[in-house]
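Tertiary structure, described
Here is how the chains run, residue by residue.
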2 protein chains.
Amino acid sequence: MESKQVTISGAGLVGSLLSIYLAQKGHRIRIFERRLDPRKTLIDGGRSINLALSDRGWKALEGVGLEGEIRKMAIPMYRRVMHAVDGSLSFQPYGKEGQAIYSVSRAGLNAKLMDLAEKTGKVNIIFDQRCLDVDLHAAEAVFENQSSGERNYVKADLLFGADGAFSMVRGAMQKTDRFNYSQHYIEHAYKELTIPPGEDGKHLIEKEALHIWPRGNYMLIALPNLDGSFTCTLFFPHEGKPSFESIDTTEKARDFFSKVFPDALALMPDFDVDWEQNPISSLVIIRCFPWTSNNKVALIGDASHAIVPFYGQGMNCGFEDCTVLNQLMEKYGDDWYTIFGEFEKERKPNADAIADLAMRNFIEMRDLTGDEDFLFRKKIEGWFSAKHPDKWLPLYSMVTFSHIPYSEALAEGVRQDRIMDEIMKMPDINTNWQSVAVEEKILSLL
Amino acid sequence: MESKQVTISGAGLVGSLLSIYLAQKGHRIRIFERRLDPRKTLIDGGRSINLALSDRGWKALEGVGLEGEIRKMAIPMYRRVMHAVDGSLSFQPYGKEGQAIYSVSRAGLNAKLMDLAEKTGKVNIIFDQRCLDVDLHAAEAVFENQSSGERNYVKADLLFGADGAFSMVRGAMQKTDRFNYSQHYIEHAYKELTIPPGEDGKHLIEKEALHIWPRGNYMLIALPNLDGSFTCTLFFPHEGKPSFESIDTTEKARDFFSKVFPDALALMPDFDVDWEQNPISSLVIIRCFPWTSNNKVALIGDASHAIVPFYGQGMNCGFEDCTVLNQLMEKYGDDWYTIFGEFEKERKPNADAIADLAMRNFIEMRDLTGDEDFLFRKKIEGWFSAKHPDKWLPLYSMVTFSHIPYSEALAEGVRQDRIMDEIMKMPDINTNWQSVAVEEKILSLL
């Protein structure tokens, strides 16, 4: 296979992982990253500190031999723990016995990926480089060293835009004829808060779980960290009542939390500081097409398909991009015309599907997980799925614990919804849900 | 009222008209235009040579006293003339007796508006100026003289982006938090062709009409010019069969026209030259929100809402923006916070509605105007509307011959469609359509 000179814009999770896959195929890669080296400087901005890794992400890490090392720094979350206003708890397992999604530190994972990339001997990461402009025909990008102001004109055989939701590479593609593009900000934003470790670094609430305080139009969630703390995220409307706009002082925020999240507030000694210092961050959905240009330039990860975080699939989907691209490199070798064509054709409908699924899951998390009917419905699904695992894999499991294309999972989920609508109409369903009649009815509708 | 220093980016139709309205209120305006002065240089690029002016556009021109002058250079088009493949014609009036849409030259209209703007003594148009960057907080824009390379840093009290579908002002807004944006290219593109004047400058086909050759998935249209020629536009898919991609030589194009547009081809002696020299132009729909920034910057016309041309409303909608802005200036004086807020709130749903209506009308024009059922349906609507003008104004008339907000017209049109679906199901509707039964049925459904 011909060794290509490759430029990647962005050394985030997807850019770093991509470079390893390309290095494995013998290509030489330079990654230009806007930030300083996060391994040398602590630059967490109170945003998106941890992530939920699931099967698609693990598979991509396996492909570069990193799975074992990351397992050590990941905390399994086996179930959702829902916190009612009165402090009472309810539970919903994510999958079958032993199945979990994993809380990992974004910074830690990124650092490991950068280390491994450099260890290949074929990847050079250059930091503090802002992308100014891209020539799509020449696969040439201009980067500016943000300290010295020096400009780097970098030409390569291939250029990847792994530069996130606000991608500069995509910015250049946006100006080309027939490039479809949309950026849509949802009405909710988020702010991160902290539940610190208890004595001896113990977790103060159930460690191996994802906690949700569902409150209808908004919610608080918490993911465990290795140091015994939890990173909590409040998803809350920008405007309206209540909203970040209406709750505009720390005092009002504390008062609000004492009413709707009293058990969480009790565990947040630094609430005031967190509220004041941590930013309100918007949430954007990005869609575009095509993802490639001139058989030389391609977008990957959030650059082509940023989604909302409610299915925990943003990173997993970007990592799956790498898995798919790797499969295509294996299949088509040097034929980048075909690799790029197949890549965007295969991934686009899946990216669209997970974007839709993530919005649906927001409604499920913030509202339905507090709804008894919904939980009952899920219980019936789980019961049937356990009896007929070959006939019914719940949507959440398809997305999280399988490699079924997202678009197929979404279509199957819609079909399952229709069937469950019928089942819930059955008389005496509340008492007879584990009956042969219900089982046969589902089988007949499948 | 306080006199403001205003910058407008773009001296096209909307930018020029806007400057006159602002000058009438005592403001001082500088317009920066990318092109050379079209009044001194002939720079038609074979694109969008004429336009259809209708009531909304006329009203905006009336507001600056230009209506009379433009009437002289406008050709009324009272009806659609549909050309079948066999050359037979059918007809559909646009409105009531005497109602018409008007074919005007884009360049001629633009020149008149520029002249009038300069005549106010308050508007200065500077040409050959490319907008490089915009500071939304300071209402400052950077323009570069494209000949000398000299840069102009232009600060003002207010900055309007009237710089079209590829607006640089909007480009700056796109980078701000919570700016929703989409650009969607439809699958059809267009190419312009010409039917030259006959002997003595006579029009070779009916002059006071808009001609359509509806062919299902594509169409040819023709609008009359003052010199006796017609500008024809082929709306045709980029890809597929047939398409601009599949018909990739002039010979194939000629052969294709001889089969599907034989009567038109017979009137096009310069077909080969036109086909080879005129570009294939894409069609894009732009949506965004907000339209204003920092109470100092606003988008207007195509910059905030570019639509497809099939309802002939692109310019009319941009002109209506000017009418509405003028009404708000009269109502709120110096309160630009309120003016901008009301402007985007009032216009956004109407811009969205006309974008949808324009796509609907494409289907109507290219397909349904060749459909007997559709024409029959329109005939029943016209008959009922003539009997009950206060109860039924056809959708086309609401959009074209009224000032009803586009969003209301669309909603009413949807309601009318539902009623007509019921009417078409009546037994013997083909023979009894002018009956009391039909009249009463419509009245009961209204």
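The structure displayed is predicted, hence computed values, not measured ones.

With that settled, the discussion passes to unusual backbone geometry. Cis geometry marks the peptide bond from K241 of chain A to P242 of chain A, where omega comes out at -5 degrees. Residue placement: P242 of chain A occurs in the loop between β16 (230–237) and α6 (250–260). Unusually for a residue other than glycine, R178 of chain B sits at a positive phi of about 65 degrees. Counting through the fold element by element, R178 of chain B comes out in the loop between α5 (168–174) and β13 (180–195). Assessed through its relative accessible area of 28%, R178 of chain B is described here as partly exposed.

So, on to the state of the cysteines. Residue and element names in this part refer to chain A. By the definition in use, this model includes 0 disulfides over all chains. Sulfur of C317: no disulfide; nearest cysteine sulfur belongs to C322 and is 10 Å away. Exposure remark for C317: the relative accessible area of 1% places this residue in the buried category. Its relative accessible area of 1% is what places C322 among the buried residues.

Interfaces are often sized by the amount of accessible area the parts lose when they come together. With 14 residues of chain B in contact, the opposing surface of chain A contributes 14 residues. For E239 of chain B, the salt bridge identified is with R178 of chain A, shortest N-O distance 3.3 Å. In this structure, the connection of chain B to chain A is made through 15 residue pairs in polar contact (both at pLDDT 80 or more). The biggest single contributor to the side of chain B that touches chain A is β13 of chain B, with 6 residues. Its residues assigned to classes, the side of chain B that touches chain A comprises 3 nonpolar, 8 polar and 3 charged. In this sheet, β13 of chain B lies alongside strand β13 (residues 180–195) of chain A in antiparallel orientation, the contact comprising 3 bridges.

Overlaying chain B on chain A yields an RMSD of 0.0 Å, the required transformation being a rotation through 180 degrees with an accompanying axial translation of 0.1 Å. Within this description, the copies of the chain are treated as partners about a two-fold rotation axis. The C-alpha atom lying nearest the rotation axis in chain B is that of S182 of chain B; the distance is 2.0 Å. Interface overlap between copies: 100% of the residues of chain B at the interface are likewise at the interface in chain A, consistent with a symmetric, same-surface contact.

Note: α-helices contain 3.6 residues per turn, so residues at a spacing of three or four share the same orientation. An ideal rise of 1.5 Å per residue puts 45 Å on 31 residues; helix α11 (residues 336–366) of chain A measures up with 43 Å between its terminal C-alpha atoms. Along α11 of chain A, the sharpest change in direction is near 30 degrees and occurs at R347 of chain A; proline P349 of chain A comes one to four residues later.

Glancing now at the pattern of salt bridges. Residue and element names in this part refer to chain A. Counted under the stated rule, the structure contains 60 salt bridges over all chains. Of the charged contacts, one joins R39 and E118 as a salt bridge, the two residues approaching to 3.0 Å between their closest N and O atoms. In this pair, R39 sits in the loop between β2 (28–32) and β3 (50–53) while E118 sits in helix α4 (residues 106–119), placing the two residues 79 residues apart along the sequence. Several salt bridges share partner residues, and in doing so they unite D37, R39, K40, D115 and E118 into one network.

All names here are of chain B. By the criterion of burial, strand β5 (residues 79–83) is predominantly enclosed, with 4 of the 5 residues buried. Pairing analysis gives 5 bridges linking β5 to strand β6 (residues 89–93), with the strands arranged antiparallel. Residue pairing for β6: M82 is matched across the bridge by S90. Between β5 and β6, which pair antiparallel one after the other, the connecting turn spans 5 residues, and G87 there sits at a positive phi close to 90 degrees. Sheet topology places β5 next to strand β14 (residues 209–214); 4 bridges connect them, and they run parallel. Counterpart to R79 in the pairing with β14 is A209.

It is worth spelling out the packing of aromatic side chains at this point. Under the defined criterion, the tally for this structure stands at 54 aromatic pairs over all chains. Both rings, one in F271 of chain A and one in W275 of chain A, keep their centres 5.7 Å apart while their planes meet at 25 degrees; by these two values the pair is stacked. Here the residue F271 of chain A and the residue W275 of chain A both occupy positions in helix α8 (residues 271–277), the gap between them amounting to 4 residues, near one helical turn. For F271 of chain A, a relative accessible area of 0% corresponds to the buried category. What makes W275 of chain A buried here is its relative accessible area of 8%. Here the aromatic rings of Y396 of chain B and F401 of chain B are separated by 6.4 Å at their centres, their planes lie at 65 degrees, and the arrangement is edge-to-face.

Residue and element names in this part refer to chain B. Spanning 16 residues, helix α12 (residues 372–387) covers 23 Å between terminal C-alpha atoms, matching the ideal 22 Å at 1.5 Å per step. Turning to α12, its buried residues are F374, F376, R377, I380, E381, W383, F384 and S385. Taken together, the buried residues of α12 touch β6, α11 (336–366), α14 (406–424), α15 (429–432) and α16 (436–445). If you check the start of α12, you find a side-chain oxygen 2.9 Å away from the backbone N of D373, and it comes from D371.

Moving on: the domain arrangement of chain A. Residue and element names in this part refer to chain A. Segmentation of chain A into domains returns domain 1 (5–42 + 106–183 + 284–360) and domain 2 (371–445). Once you take the C-alpha centre of each, domain 1 and domain 2 turn out to be 37 Å apart. At the junction of the two partners, domain 1 supplies 13 residues and domain 2 supplies 11 residues. A buried area of about 1,000 Å², summed over both sides, lies between domain 1 and domain 2, and 59% of it is on carbon and sulfur atoms. Among the residues of domain 1 in contact with domain 2, Y311, L357 and R360 are the three that bury the most area, contributing 47% of the side total. Along the contact surface separating domain 1 from domain 2 lie 1 salt bridge. The shortest N-O distance in the salt bridge between R360 and D417 comes to 3.2 Å. Applying the counting criterion to the domain 1 and domain 2 interface returns 4 residue pairs in polar contact (both at pLDDT 80 or more).

Criteria and cut-off values
- Residues numbered from 1 in each chain as written.
- Chains lettered and ligands numbered in written order.
- Predicted model: local features only at pLDDT ≥ 70, side-chain atom pairs only at ≥ 80, totals over all residues.
- Heavy atoms only, no water.
- Helix = DSSP H or I, 4+ residues; strand = E, 2+ residues; numbered from the N terminus.
- Buried < 20%, exposed > 50% of the residue type's maximum accessible area, 1.4 Å probe, protein only.
- Disulfide = S-S within 2.5 Å.
- Contact = heavy atoms within 4.5 Å.
- Salt bridge = Lys/Arg side-chain N within 4 Å of Asp/Glu carboxyl O.
- Polar contact = N/O pair within 3.5 Å; in protein donor to acceptor, adjacent residues only side chain to side chain.
- Nonpolar A, V, L, I, M, F, W, Y, C, P; charged D, E, K, R; others polar.
- Pairing = 2+ DSSP bridges.
- Least-squares fit on C-alpha atoms with pLDDT ≥ 70 in both.
- Expected span 1.5 Å × (residues − 1).
- Bend = angle between axes of the 7 residues up to and from the residue.
- Phe/Tyr/Trp six-rings, centres within 6.5 Å; stacked < 30°, edge-to-face > 60°.
- Domains from an automatic or database assignment.
- Buried area = accessible area lost by both parts, 1.4 Å probe.

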